[in-house]
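What follows is each chain in one-letter form.
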2 protein chains.
Amino acid sequence: MAKITLAAGKAVEPFWHLFPFHFEQAQVAELLKGMRVGTLDAADVAATQAAAAEAKKNDPFGNDPVRHPGLKIHSTHPCNAEVPAALLTESYLTPTDLWYIRHHHPVPDLKGQEAAFRLSVDALAAGGKVLSLSLAQLRALPQHEVLVTLQCSGNRRGDMNKVKKCSGTSWGQGAISTALWKGPRLADVVALAGVAGPDAANKAGALHVCFKGLDAMAASVPVGKALGERGDVILALDMNGLPLVREHGAPLRAIVPGHVGVRNVKWVGEVKLSPDEAVGDWQRGLNYKVLPPGVDSAAGIDVASLPAMQEASVFSGITGVEDAGDGKVDAKGWAWSGGGRGVARVDVSADGGNTWRAARITEGTDQAPGKEWAWVFWECDEVPAAAISGKGGKAHVEVVSRAVDKAYNFQPENAKHIWNTRGLANNSWFRVQATIDAAEK
Amino acid sequence: MAKITLAAGKAVEPFWHLFPFHFEQAQVAELLKGMRVGTLDAADVAATQAAAAEAKKNDPFGNDPVRHPGLKIHSTHPCNAEVPAALLTESYLTPTDLWYIRHHHPVPDLKGQEAAFRLSVDALAAGGKVLSLSLAQLRALPQHEVLVTLQCSGNRRGDMNKVKKCSGTSWGQGAISTALWKGPRLADVVALAGVAGPDAANKAGALHVCFKGLDAMAASVPVGKALGERGDVILALDMNGLPLVREHGAPLRAIVPGHVGVRNVKWVGEVKLSPDEAVGDWQRGLNYKVLPPGVDSAAGIDVASLPAMQEASVFSGITGVEDAGDGKVDAKGWAWSGGGRGVARVDVSADGGNTWRAARITEGTDQAPGKEWAWVFWECDEVPAAAISGKGGKAHVEVVSRAVDKAYNFQPENAKHIWNTRGLANNSWFRVQATIDAAEK
């Protein structure tokens, strides 16, 4: 039901495509025939489309890709959109069309000029050279496949807003998605420019690898992660088995597994080794820095001295709660830790944390130790619930999920104590309310 | 005062040695002369020593080293001892004599047979060979220095016991210490046996490096950490600039930076690559596995499927609180994160978390990103306090420290929600109570 209503007032076809087992079944078409209201007039359709095309011409974002109607759009200029909770755990690999979108500018468009595209690689800061590589040259390097979950640093800002308003998009839990990425290792590309690995770069004084997007967005990653054999950093050409789409960074995207979304720069045109972090607010400014709780502005704070967000912490979310009878609930959801640490356990409580039940991990269990870059899915059955309120045989309950990474970092209890003015890094317990039949006495 | 009373009823000399600026100053001797009670009778001393020597002969632990009287001894068979809070942050490098001790057996003693000692290296599982290396051969390899804090997985179990009794030593905050270690890289030693790095080991099917101590203690670490260039794992020959002492693992100790203490195997006699984790309870049993909260026994739990503790999470402690007047407190302490993640911030509250003040990091700030293996010291001034209770112009307050690592993992609020039957991984907010003058109205 939650899934069907996502299509209300919109074309239904994109939703059929998400779940291909429904698609093009004659039986389905037959069933729907009786529900048909009518057919749109062709002239009306043409006029509407012409007006839309005219409006687009004057809009810097007019050339942005058409988005899947299932996405929850927070803004279009630039586009920020999340996966609705009802679809988040429908597929372990998030369908490319449904991936969350967090842009800073209009989506760059190579307009068929892919053959002319050149990646600039500047390794001068580490005693290397400057290179210019075509997409064909990048494809000719050994290709490396990584299964990686990306998450916006502001995911779950909406729950932090409940404590006190933060600045930024009020994300629910859906600014997170997972794909299989493929492309050359960044270390192999930098090696072509004459710098062999992080130790060599460090010794020569280059501490960071800076990425610049065709949209002018810039971010950097320390060389230890960017070039290290354990980092698995690639320049992705493919996503989910197909060439990368414009929306998610075509022709080339930096994939920095285990790090916050913003370091995974899209439409990468430039890779540069540097003694310093990338220039710009995305790296050095407040946008991705966590101020102490209770601090409302950066006045009096030495922002430059605060570390830019890199690795992410441990998160979880609940995407479904069902009444299991007898005053209990079944719940399901996802969990993910940054840094490749992996998820040791997901605990669920429906009585305010008085008792916890360990969930079953159902997907994502076969990742390599220390390289657990992707999320897990979980299910937890028959969690005893305590009513917060209720009447007429109904009980109102709060269900909580709390994941633990393999370094035994636990999600903290209250968003209040980790609140920060930019609303970043909200990995407090995930809480969702539900109404169930009260248990019989 | 807290420091002086540590010596009550004991010889004072070992305490002078801890703080050498006091030591052998004629002025100090002169000051103490008037406090002299008398001199022990030489015959009494000899008789007491003879009786003690006789008792030692029949005690398997009788040959253990003499311990510094400043240590808080929890047990002697085997020895478990922690650094008292009053001394914990007196020196950034913990004096070797004051290092916390967590043994499983009597302390092995080479008794002058160092020249005959051979380290066995078995790399057969990765297609390598078997080697036998003398201490001289290990010293002849390139020596690598690492500044590393080690912490027992059970540190702060005492605070978890307040929720509900766990099994194991009831540690305060002092099962943690820091030293400068030096020795060959484990990767260099394993390379001599024909295996070049973690990827080669992995490909050949060896996933773990197992250490065995001369005391029969065994533990293992995944090859990615053990042999990777970012792991900084060494076989230490020196500690704080001097040859390793028996108490802390002479002649050879595995140093696995950022991982829990138990993986830093002392008195290492054997290094073995293996497709499996080390055999024994320290690796595969309950001793170092975190069960879900509320689970009192391992009955019905598939212990083998739970991950053994490896990387540690983020911790902090308060070692001093002073009345700053006007209803405020000054506090100081330490903070540390496993995994080399480093400490982004330490927050202090004295009003139950209603307000937080970011502490100044005073030591340990110059560590390499991603390789922040050692603790930091911090100070926080004029933290507004709210009285829990009080009378007669005095206020009873609770001061809390809460550290945040650079992946934005926060220490969780309550030990209750992370309680586990073995009392491991208690990184809940550090809480200490103090009495100050009540603020004037």
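Computed from a predicted structure; not experimentally measured.

Trainee: Mind showing me how you'd approach the overall build of chain A here?
Mentor: Secondary structure assignment for chain A yields nine helices and 22 strands. Its C-alpha radius of gyration of 23 Å places chain A within 12% of the 22 Å reference for a compact globule of 441 residues. Taken over the C-alpha atoms alone, chain A extends approximately 75 × 60 × 45 Å along its principal axes. Out of the 441 residues in chain A, the part that is buried amounts to 47%. The contacts in chain A between residues at least 6 apart in sequence include a share of 67% that link residues at least 24 apart.

Trainee: Teacher, can you tell me more about the interface of chain A and chain B here?
Mentor: The accessible area lost on association of the parts is a frequent measure of interface size. At the junction of the two partners, chain A supplies 41 residues and chain B supplies 41 residues. Listed by contribution, the elements that provide at least two residues to the side of chain A that touches chain B are α9 (223-227) and β17 (343-349) of chain A. The greatest single-element share of the side of chain A that touches chain B, amounting to three residues, is contributed by β17(A).

Trainee: What is the right way to read the relation of the copies chain A and chain B from this model?
Mentor: Two copies of one chain are present, and they are related through a rotation about an axis combined with an axial shift. Mapping chain A onto chain B is achieved by rotating through 180° and translating by 0.0 Å along the same axis, at an RMSD of 0.1 Å. Considering both components of the superposition, the chain copies are consistent with a two-fold axis. For chain A, the minimum C-alpha distance to the rotation axis belongs to A:Pro412 and amounts to 2.3 Å.

Trainee: When you look at the sheet that holds strand β5 (residues 130-133) of chain A in this model, what are you seeing that I'm missing?
Mentor: Across a sheet, paired strands are connected by hydrogen bonds in the backbone, their directions being either parallel or antiparallel. Residues and elements named next belong to chain A. Reading across from one edge, β5-β4-β14-β8-β9 is the order of the five strands in this open sheet, with mixed pairing throughout. Looking at which strands have only one partner, the edges of the open sheet turn out to be β5 and β9 (218-222). Adjacent strand axes in the sheet meet at a mean angle of 15°, parallel and antiparallel pairs treated alike.

Trainee: Can you walk me through the domain arrangement of chain A in this structure?
Mentor: Splitting chain A by domain gives domain 1 (1-34), domain 2 (114-142 + 185-305) and domain 3 (314-437). Placing the centre of domain 1 of chain A and that of domain 3 of chain A at their C-alpha centroids yields a distance of 31 Å.

Trainee: Looking at this model, I keep getting lost on the sheet that holds strand β7 (residues 176-184) of chain A. Mind explaining?
Mentor: Residues and elements named next belong to chain A. Taken together, four strands build an open sheet; the order of strands is β6-β7-β11-β12 and the sheet is antiparallel. Edge positions in the sheet fall to β6 (143-151) and β12 (242-243), since each of these pairs with one other strand and no more. Where β6 meets β7, nine bridges bridge the pair, whose relative direction is antiparallel. Bridged to leucine 150 within β7 is serine 177.

Trainee: Quick question: what am I supposed to make of the environment of A:Ala324 here?
Mentor: Residue and element names in this part refer to chain A. Along the polypeptide, alanine 324 turns up in strand β15 (residues 314-325). Residue alanine 324 is classed as partly exposed on the basis of its C-beta count, with 18 C-beta atoms lying within 10 Å. For the pair formed by alanine 324 and valine 130, sequence separation is 194 residues and the distance between their alpha carbons is 62 Å. Aside from chain neighbours lying at most four places away, what touches alanine 324 is Val329, Asp330, Asp381 and Glu382.

Trainee: For this particular structure, what's the right way to read helix α4 (residues 42-57) of chain B?
Mentor: Three- or four-residue spacings in an α-helix give side chains the same orientation, since the helix completes a turn every 3.6 residues. For α4(B), spanning 16 residues, the distance from its first C-alpha to its last is 23 Å, which sits close to the expected 22 Å at 1.5 Å a residue. Buried residues are scarce in α4(B), accounting for zero of its 16 residues.

Trainee: Looking at this structure, how should I read unusual backbone geometry?
Mentor: Generally, phi is negative for residues other than glycine and the peptide bonds are trans, each holding for most cases. Residues and elements named next belong to chain A. Here the amide bond leading from alanine 250 into proline 251 is cis, since omega sits at 15°, within 30 degrees of zero. A positive phi angle, near 50°, is found at asparagine 240, a position not held by glycine. Positioned with a positive phi, tyrosine 408 is a non-glycine residue whose angle comes to about 60°. The topology assignment puts tyrosine 408 in the loop between β21 (394-405) and β22 (430-437). The buried category is assigned to tyrosine 408, around which 28 C-beta atoms lie within 10 Å.

Trainee: Just to check I follow, could you spell out the pairing of strand β8 (residues 208-213) of chain B for this structure?
Mentor: Every other side chain in a regular strand lies on the same face of the sheet, so the side chains alternate between the two faces. All names here are of chain B. In terms of burial, β8 is a largely internal element, six of the six residues being buried. Side-chain alternation along β8 places His208, Cys210 and Lys212 on one buried face and Val209, Phe211 and Gly213 on a second face that is also buried. Taken together, the five bridges between β8 and strand β9 (residues 218-222) define a ladder with antiparallel strand orientation. Residue pairing in the sheet places valine 209 in a bridge with valine 221 of β9. The antiparallel hairpin formed by β8 and β9 contains four residues in its connecting segment, where alanine 216 sits at a positive phi of about 80°.

Trainee: Looking at this model, I keep getting lost on the environment of A:Val245. Mind explaining?
Mentor: Residues and elements named next belong to chain A. In this fold, valine 245 is placed in the loop between β12 and β13 (253-255). In this structure, the C-alpha to C-alpha distance between valine 245 and aspartate 97, residues 148 residues apart in sequence, is 9.4 Å. Those residues in contact with valine 245 that lie beyond four places of it in its chain are Thr96, Met239 and Ala250.

Reading guide: rules and limits
Within each chain, residue numbers correspond to sequence positions counted from 1 in written order. Throughout, the order in which chains and ligands are written sets their labels, letters from A for the former and numbers from 1 for the latter. For this predicted model, a pLDDT threshold of at least 70 governs which residues receive local features, and a threshold of 80 or more governs which side-chain atom pairs are given and counted, while totals over whole chains, interfaces and linings are taken from all residues. Labels follow the DSSP assignment, with helices taken as runs of H or I lasting at least four residues and strands as runs of E lasting at least two, numbered in each case from the N terminus. For a compact globule the rule gives 2.2 Å times the number of residues to the power 0.38, and the radius of gyration it is set against comes from C-alpha atoms. Partly exposed residues are those falling between the two cut-offs: more than 12 but fewer than 20 other C-beta atoms within 10 Å of their own, whereas 20 or more means buried and 12 or fewer means exposed, with C-beta atoms placed from the backbone. The contact criterion used here is simple: two residues whose C-beta atoms, placed from the backbone, lie within 7 Å are in contact. When the copies are overlaid, the least-squares fit takes in C-alpha atoms only where the residue has pLDDT of at least 70 in both copies. We call two strands paired when DSSP finds no fewer than two bridges between them. Here an angle of 0 to 180 degrees is reported between the N-to-C directions of two axes, which are lines fitted to C-alpha atoms, with helices fitted over the stretch in contact. Boundaries of every domain are those given by an automatic assignment or by a domain database. Here a helix's expected span is defined as the number of its residues, less one, multiplied by 1.5 Å.

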